[in-house]
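In case you want the letters, here they are:
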Amino acid sequence: MNNEYPFYNRVLIKEVINGLTGELTDLAVEDGVFVAELTGEPDRVIEGAGLTALPGLIDAHAHLRDPGFEYREDIVSGTRAAARGGFTAVAAMPNTIPVADSAPVIRYMIEKAGQAGYCRVLPIGAVTKGQKGEEIAEIGFMAEAGAVAFSDDGKPVSAAGIVRTAIEYASYFDRVVISHCEDLSLAAGGVINEGIVSTEMGLRGIPSIAEDIQIDRDTRIAEYSGLPVHIAHVSTANGVEIIRQAKARGVKVTAETCPHYFTLTEEAVRGFHTMAKVNPPLREESDRLAVIEGLRDGTLDMIVTDHAPHHEDEKDCEFSLANNGMIGLETCFPLVYTVLVKTGLLSLRDAILKMTEAPARLFRLPVPALAAGEPADLTLVDLGREIVYDVSESLSKARNTPFSGMALYGFPVLTMMAGHTTWEQV
Ligand SMILES: [Zn+2]
Ligand SMILES: [Zn+2]
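Worth saying up front: this structure is predicted, and the values here are computed from it rather than measured.

**As for the environment of aspartate 316**
Tracing the backbone shows aspartate 316 in the loop between strand E15 (302–303) and helix H11 (332–341). Aspartate 316 gets classed as exposed once you look at its relative accessible area, which sits at 61%. Linking aspartate 316 and asparagine 400, residues 84 residues apart in sequence, is a C-alpha distance of 9.6 Å.

**Looking at the coordination of the zinc ion (ligand 1)**
Within the protein, the zinc ion (ligand 1) binds to Asp153 (OD), His180 (ND1) and His233 (NE2); these donor distances fall in the range 2.0 to 2.1 Å. Sequence spacing of the donors to the zinc ion (ligand 1): D-x26-H-x52-H. A spacing of 3.6 Å is found between the zinc ion (ligand 1) and the zinc ion (ligand 2), which share aspartate 153 as a donor. In this pair, aspartate 153 sits in the loop between strand E9 (149–151) and helix H4 (160–172) while histidine 180 sits in the loop between strand E10 (177–179) and helix H5 (184–187), placing the two residues 27 residues apart along the sequence. On the accessibility criterion, aspartate 153 (2% relative accessible area) is buried.

**Details of the coordination of the zinc ion (ligand 2)**
Here the zinc ion (ligand 2) is held by the protein donor atoms His61 (NE2), His63 (NE2), Asp153 (OD) and Asp306 (OD), which lie 2.1 to 2.2 Å from it. For the zinc ion (ligand 2), the four donor atoms are set out with angles of 85 to 170° between them, so the coordination reads as irregular. For histidine 63, a relative accessible area of 4% corresponds to the buried category.

**Thoughts on the environment of aspartate 152**
Position of aspartate 152 relative to the elements: it lies in the loop between E9 and H4. Take aspartate 152: its relative accessible area is 2%, and that puts it in the buried class. When the C-alpha atoms of aspartate 152 and threonine 128 are compared, they prove to be 6.9 Å apart, with 24 residues separating the residues in sequence. Other than its neighbours up to four places away in sequence, aspartate 152 contacts Ala126, Val127, Thr128, Gln131, Gly133, Val157 and Ile178.

**Concerning the packing of H4 against helix H7 (residues 209–225)**
Remark: H4 packs on H7, axes separated minimally by 10 Å, with the N-to-C direction vectors making an angle of 45°. In terms of orientation, H4 lies oblique with respect to H7. Handedness of the H4/H7 crossing: right-handed. In this structure, H4 contributes Ala160, Val163, Arg164, Ile167 and Glu168 to the contact, and H7 contributes Arg217, Asp218, Ile221, Tyr224 and Ser225.

**Looking at the packing of aromatic side chains**
Here the structure, examined in full by the defined rule, presents six aromatic pairs. Aromatic pair phenylalanine 272 and phenylalanine 319: ring centres 6.2 Å apart, planes at 70°, arrangement edge-to-face. In this pair, phenylalanine 272 is assigned in the loop between helix H9 (259–263) and helix H10 (285–296) and phenylalanine 319 in the loop between E15 and H11, connecting sequence segments 47 residues apart. Using a relative accessible area of 4% as the deciding quantity, one classes phenylalanine 319 as buried. Every member of this aromatic cluster is reached through a ring pair, and the members are Tyr169, Tyr172 and Phe173.

**So, unusual backbone geometry**
For the bond running from isoleucine 97 to proline 98, omega is -5°, close enough to zero to count as cis. Within the secondary structure, proline 98 sits in the loop between strand E7 (87–92) and helix H2 (103–116). Cis geometry marks the peptide bond from asparagine 279 to proline 280; its omega dihedral reads -5°. You can see proline 280 is positioned in the loop between H9 and H10. For aspartate 31, which is not glycine, the phi torsion reads 55° and is therefore positive. Along the polypeptide, aspartate 31 turns up in the loop between strand E2 (24–30) and strand E3 (33–35). Of the residues examined, aspartate 31 reaches a relative accessible area of 56% and is grouped as exposed. Even without a glycine there, the phi angle at arginine 364 is positive, about 60°. Tracing the sequence through the fold places arginine 364 in the loop between helix H13 (357–362) and strand E16 (378–388). Owing to a relative accessible area of 38%, arginine 364 belongs among the partly exposed residues under this scheme.

**Brief notes about the sheet that holds strand E13 (residues 229–231)**
The strand order E6-E7-E8-E9-E10-E13-E14-E15 describes an open sheet built from eight strands, whose pairing is parallel. Taken across any chain shown, the strands that pair with only one partner, and hence form the sheet edges, are strand E6 (57–62) and E15. The strands that H7 touches are E10, E13 and strand E14 (253–257); relative to E13, the one it contacts most, it runs at about 165°.

**A look at the pattern of salt bridges**
In the structure shown here, the tally under the stated rule is 23 salt bridges. Shared partners join several salt bridges into a network, and the residues in it are Glu200, Glu267 and Arg270.

**Things to note about the side chain of glutamate 182**
By the element assignment, glutamate 182 lies in the loop between E10 and H5. Comment: no salt bridge for buried glutamate 182; closest opposite-charge side chain is arginine 283, at 7.8 Å. When neighbours within four sequence positions are excluded, glutamate 182 is seen to be in contact with Pro156, Ala187, Ala210, Gln214 and Asn279.

Thresholds applied
- Residues numbered from 1 in each chain as written.
- Chains lettered and ligands numbered in written order.
- Predicted model: local features only at pLDDT ≥ 70, side-chain atom pairs only at ≥ 80, totals over all residues.
- Heavy atoms only, no water.
- Helix = DSSP H or I, 4+ residues; strand = E, 2+ residues; numbered from the N terminus.
- Buried < 20%, exposed > 50% of the residue type's maximum accessible area, 1.4 Å probe, protein only.
- Donors = N, O, S within 2.8 Å, 3.2 Å for Na, K, Ca; no water.
- Tetrahedral: all angles 85-135°; square planar, octahedral: opposite > 155°, others 65-115°.
- Contact = heavy atoms within 4.5 Å.
- Axes fitted to C-alpha atoms, helices over the stretch in contact; angles between N-to-C directions.
- Parallel < 35°, antiparallel > 145°, perpendicular 65-115°, else oblique.
- Left-handed = near helix turned anticlockwise from the far one by under 90°.
- Phe/Tyr/Trp six-rings, centres within 6.5 Å; stacked < 30°, edge-to-face > 60°.
- Pairing = 2+ DSSP bridges.
- Salt bridge = Lys/Arg side-chain N within 4 Å of Asp/Glu carboxyl O.
- Lys, Arg positive; Asp, Glu negative; His and termini not counted.

Following this line, the structure appears as structure tokens:
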């Protein structure tokens, strides 16, 4: 466990609101688990008045850049940022160097996160060797080593036959394939959404059909196989509708979106704002509203960060050359709360379940709960306090976010993993 915060064996959190039920409650923690009652006097009492307790959040999609790109982020800095964002587990995509396509890399990630002691890392193994899209990776060995899912995220798997084999093979080990949906023959060379803004800015566009076609393809492969598939970072209205219809047909498809797709549109890249350059690209207002509707009606099961740290030089350059992606671990819950919950679009309970229960089920993990006998994974958030997010204070190594300077509600003030403090606002 981390040495940054002292450990207290018996903790009493007094008069806090349970975010799932809305009830006022005391939470008792002993030996790292929630208990109905402490066996002795508490070593620490936390005054919870005005705060809301959430089960430890799980991010099902992040890039921690370790091994290989530690100048952007590493497992220590990434998990510290995750704890600050209220997460107690974060799933790490395999586009590292070496690619996480073998058991030793999976084990390295879990061990390094364990030593750092800020947040669990759930490694996602590559679908294909070297993420080259040609040959299936050692899915069985990786699953045995602790890989929670498989994905070539960062790139699509272009060959449908490989996707089919991967879905079947991963299912054999009770794991799901996470599909980054992008038809490269349509998307290649594009840097923002294809539409009015790309035309006005004179930039090559990525059409929404590049995403829709592969969402349709991969849900049909899942339907044909009778096996599950998970669709990453849905950004388009048609993509949401394809998944909605597939679910209605009984296809075992689950899907995620990210805060930037329900908060921003392609307008955010005007002025060649590289911080808003992301893949899939920010779309149109009608897409943003469709993503929100998809979250409301359950078509989109979960909200993930797609935390994608980059070095300053990889963003502070010509728009076409700038890397895709934005950091998101620290702003995810505050954006969910401010944009969706505070406005009445989503209940607090549904928002929490999309960041706890849904990712836990995807990875076949126990569902986090604020209940006696469960591991004391929680975050205390201040829903009533407005804070202007200042990325210069981020615990991530990276600074690439379009949300710095935005006033948000719901920042975590304390995060606890198995009873150990992993973040505390001082
Ligand atoms: Zn992706
Ligand atoms: Zn990603």
